[in-house]
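Coordinate inspection notes
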Amino acid sequence: MVNLDDVGRSGAWVPDPPAWWQREVIYQIYPRSFFDSSGDGIGDLPGIRERADYLAWLGVGAVWLAPIYPSPDADLGYDISDYVNVDPRFGTLDDFDAMLTTLHERGIRVILDLVPNHSSDQHPWFVESRSGPGSPKYDWYVWRSSRPDGSPPNNWESYFGGPAWDYVEPPGQWYLHSFDRGQPDLNWDNPEVREAMQDVMRFWLDRGVDGFRVDVLWLLSKDPELADNPVNPEWGEGGPPWLRLLRANSEDGPRAHEYARVLRGVIDEYPDRVMVGEVVLPPARAVAFHGERLDEAHMPHNFALTELRTWSAEEIRPVVEEYERQLPRGAWPNWLLGDHDFPRIASRLGPERTRVAHMLLLTLRGTPTWYYGDELGLPDAHFPPGTLAMIDPQASTSPERDRFIARTPMQWSAGPHAGFSEVEPWLPVASDDGSLTVERQREDPDSVLSFVRSLIHLRRRTPALASGTYRSLSGPPSVLSFERWHPDGTVRVHLNFGATSQDVEVDGAGRILLSTNEPPETRAGGHTMRLRPYQGVIVRTAAPGTPG
Ligand code: NOJ
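Residues numbered from 1 in each chain as written. Predicted model: local features only at pLDDT ≥ 70, side-chain atom pairs only at ≥ 80, totals over all residues. Heavy atoms only, no water.

What to know about the side chain of Asp 402
Just so we agree on the cut-off: Secondary structure is summarised from DSSP: a helix means a run of H or I of at least four residues, a strand means a run of E of at least two, and numbering begins at the N terminus for each. For each residue, the accessible area found with a 1.4 Å probe, counting protein chains only, is set against the maximum for its type, and the residue is called buried under 20%, exposed over 50%, and partly exposed in between. Counted as positive: Lys and Arg. Counted as negative: Asp and Glu, with His and the chain ends omitted from the count. Just to be clear on terms, a salt bridge is a Lys or Arg side-chain nitrogen sitting within 4 Å of an Asp or Glu carboxyl oxygen. Between N or O atoms, a polar contact is any pair within 3.5 Å; within protein, one atom must be a potential hydrogen donor and the other a potential acceptor, and residues adjacent in sequence are included only when both atoms are from side chains. Contacts are residue-level and defined by heavy atoms, with any inter-residue pair within 4.5 Å sufficient.
Along the chain, the position of Asp 402 falls in the loop between α12 (393-397) and α13 (438-443). For the buried Asp 402, no salt bridge is present, and the opposite-charge side chain at shortest range is Arg 403, 6.6 Å distant. Within the local environment of Asp 402, its side chain forms a polar contact with the backbone nitrogen of Phe 404, the two atoms lying 2.9 Å apart. Leave out the neighbours within four places in its chain, and Asp 402 touches Phe 383, Asp 392 and Ala 395.

Some remarks on the site of the ligand
Convention followed: A cutoff of 4 Å decides nearness: a residue is near a molecule or strand if any of its heavy atoms lies inside that distance of it. Note on areas: Shrake-Rupley, 1.4 Å probe, and residue coverage restricted to the protein chains presented here. The residue classification treats Ala, Val, Leu, Ile, Met, Phe, Trp, Tyr, Cys and Pro as nonpolar and Asp, Glu, Lys and Arg as charged. All others, Gly included, are polar.
As a structural note, the neighbourhood of the ligand is formed by 14 residues, with Asp 75, His 118, Asp 215, His 340 and Asp 341 the closest of them. Asp 75 is positioned such that a nitrogen or oxygen atom in its side chain is 2.5 Å from an oxygen atom of the ligand. The separation between an oxygen atom of the ligand and a polar side-chain atom of Arg 403 is 2.9 Å. Relative to its unbound accessible area of 300 Å², the ligand is 98% covered by the protein chains. Here the residues of the shell around the ligand are counted per class, giving four nonpolar, three polar and seven charged.

Here's the deal with the packing of helix α4 (residues 93-105) against helix α6 (residues 191-207)
Condition: Helix axes use the C-alpha atoms of the stretch in contact, all axes being lines fitted to C-alpha atoms, and the angles between their N-to-C directions lie in the range 0 to 180 degrees. Note on terminology: angles under 35 degrees are roughly parallel, angles over 145 are roughly antiparallel, angles of 65 to 115 are roughly perpendicular, and the others are oblique.
Two elements in contact, α4 and α6, have axes separated by 11 Å at closest approach and are oriented at 50°. Taken together, the axes of α4 and α6 lie oblique to each other. Between α4 and α6, the residues in contact are Leu 93, Phe 96, Asp 97 and Leu 100 and Phe 203, Trp 204 and Arg 207, respectively. Split into classes, the residues belonging to the contact of α4 with α6 amount to five nonpolar, no polar and two charged.

Observations concerning the side chain of Ser 250
In this structure, Ser 250 sits in the loop between β7 (211-214) and α7 (256-267). Only 3.1 Å separates the side chain of Ser 250 from the side chain of Asn 229, close enough to count as a polar contact. Discounting chain neighbours no more than four positions away, the residues touching Ser 250 are Trp 156, Leu 219, Lys 222 and Asn 229.

Remarks on the pairing of strand β8 (residues 274-277)
The cut-off we apply is this: Here a strand pair is declared whenever DSSP counts at least two bridges between the two strands. We call a crossover right-handed when, viewed with the strands running away from us, the connection from the first strand over the helix to the second turns clockwise.
Side chains of β8 alternate between two faces, with Val 274 and Val 276 and Met 275 and Gly 277 buried alike. Note that β7 and β8 share four bridges and pair parallel. Following the sheet pairing, Arg 213 is matched in β8 by Val 276. You can see the chain leave β7, run along α7 and come back into β8, and the turn it takes is right-handed. Pairing of β8 with strand β9 (residues 299-300), which is carried by two bridges, proceeds in the parallel orientation. Bridge pairing links Gly 277 to Pro 300 in β9.

Description of the pattern of salt bridges
Under the definition given, this model contains 35 salt bridges. Close ionic contact of Arg 207 with Asp 97 constitutes a salt bridge, the shortest N to O distance being 2.9 Å. With Arg 207 in helix α6 and Asp 97 in helix α4, the pair connects residues that are 110 residues apart, well separated along the chain. Of the residues examined, Arg 207 reaches a relative accessible area of 26% and is grouped as partly exposed. Asp 97 gets classed as partly exposed once you look at its relative accessible area, which sits at 23%. Across the salt bridge formed by Arg 365 and Glu 324, the nearest N and O atoms sit 2.9 Å from each other. In this pair, Arg 365 is assigned in the loop between α11 (351-363) and β11 (367-371) and Glu 324 in helix α9 (residues 313-326), connecting sequence segments 41 residues apart.

Some words on the packing of α6 against α7
The line we're drawing: Helix crossings are classified by the rotation of the near helix relative to the far one: an anticlockwise turn of less than a right angle makes the crossing left-handed, while a clockwise turn makes it right-handed.
Direction vectors running N to C along α6 and α7 enclose 30°, while the axes themselves pass 9 Å from each other. In terms of orientation, α6 and α7 fall into the roughly parallel class. Crossing of α6 against α7: the hand is right-handed. Contact residues: Arg 194, Gln 198, Met 201, Arg 202 and Leu 205 in α6; Glu 258, Tyr 259, Val 262, Leu 263, Val 266 and Ile 267 in α7. Of the residues assigned to the contact of α6 with α7, the class counts are seven nonpolar, one polar and three charged.

Structural notes on the sheet that holds strand β16 (residues 511-515)
Taking strand neighbours across the sheet as the criterion, the five strands line up as β12-β13-β14-β19-β16 in an open arrangement whose pairing is antiparallel. Two strands in the sheet have a free side with no partner beyond their single neighbour: β12 (469-473) and β16. Across this sheet, the average inter-strand angle for adjacent strands is 25°, counted without regard to direction. Pairing of strand β14 (residues 491-496) with strand β19 (residues 536-540) involves five bridges; the strand directions are antiparallel. Within β19, the position partnered with Leu 495 by the bridge is Gly 536. Helix-sheet contacts for helix α14 (residues 448-461) involve β16 and β19, and the interaxial angle to β16 is about 130°.

What to know about α6
As a reminder, the rule being used: To estimate the expected span of a helix, subtract one from its residue number and multiply by 1.5 Å.
Counted at 1.5 Å a residue, the expected span for α6 with its 17 residues is 24 Å, and the 25 Å between its end C-alpha atoms agrees. Looking at α6, one finds that the buried residues are Val 193, Arg 194, Ala 196, Met 197, Gln 198, Val 200, Met 201, Trp 204 and Leu 205. In the core, the buried residues of α6 are packed alongside α4, β3 (109-114), α5 (124-129), β7 and α7. Its side-chain oxygen 2.8 Å from the backbone nitrogen of Glu 192, Asn 190 forms the N-cap of α6. The first or second residue beyond α6 is Gly 208, which carries a positive phi of 115°.

Laid out in structure tokens, this is it:
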């Protein structure tokens, strides 16, 4: 726990010493797509174990695994039918233990996805619950009767589209599902549900996992009256259907923070574990999930960089400053460029701009979460209609929001199926370009992979980057410049997000630690540096810098 008396304005303190989850890069693995060791076209836990040396070589300090539990796949693992087991397609509990040991031996922590808001409709809890009000599990889910006209209990809509209610007979009632109908929402207002989920956490923490990423943390509490959601006044006919209503009553309810503390309480029963939370809310409400006493998520995910539109320095600077300002005192920041729910960064920005975005992610103050495959510059996949055996539940209602495009197999080699599997993988690879593979890029010092690896290692050995303070610097248009101060040395970062060259002022005695590509020339006796379009540099300053 941070002693708040020791902490100044949020951007201006240095954790001493930083916890592992503050100083390391977290690497998200989508297990189904990382490495198939069993030859069934689906990635698995022994496959992750086999690739532990790659992760260590890359330099990541932790992995976050998307759900590995038994699941009927209504939402690929986010519909869990047994919280305390491993899906046989991914392996066994013994395989899990072996993977954990191997990763731990390499100094890599393991964070599991915890999905407490909903189970699968095939979980024994739900099967029992739907037998009706006489069942001891009836109140574990959210059941309501029809309105007098026979319609669902309220107007709430699923995140995947359509009503958030499904009618079942028996019990002749509707159950709530914020996502797919195969994902009934658990009733968090029932203390037995909270206790059951705490036991799930202990099961995995006792096995040695290092923490959880909590799925949809902000959804656990809903309006107790289940009142209708208001219509979004900014929505017009023809607008995206999922934005038609404001989710005022169906999310971030009155007990949301209490429930976050229920989860954090279990984390704190164990030494040195972490709780990361998925919270998709406007920044001020998202950072509130650190907790008033920093007793909720250590890091509610910060999605600000996924929302950028222009990726100009002028857009990014206030976003960073605003987030820094809104963080509660003593709260540790975090950043990500995307995850399994977003199009890939290389496709969002194009190959020219991707490296400067990588440099931004790995030099901002706070823990970066990396998405597997982005280190190769993997693009989104395009699936010709009707070619996939299964589809993303979100794409079934909104094809333009297909999330499978960014969940394709990791590309290891130029062999069949990019070396991911010996058989046809569950999803085709995103690209047949042999240069988009670990095998090729490892050997090429100019590859995206070599660049990202250098960035990660530089970040690891440079305290200013790993845990220093943040301070914006002024610079020419289109360049984002900032300083990271640390008692052990200060660095300055200059990122040109523009399509034209720009001169930045530098401290003549400074030393370039890393550049996105060929280092820039210095001019004016070493006092200016000409950045090429989309070029970024990290410079060690000779001067001590300013602590934020
Ligand atoms: C958020 C997860 O990231 C997403 O993939 C999933 O569909 C929903 N939560 C529901 O669990």
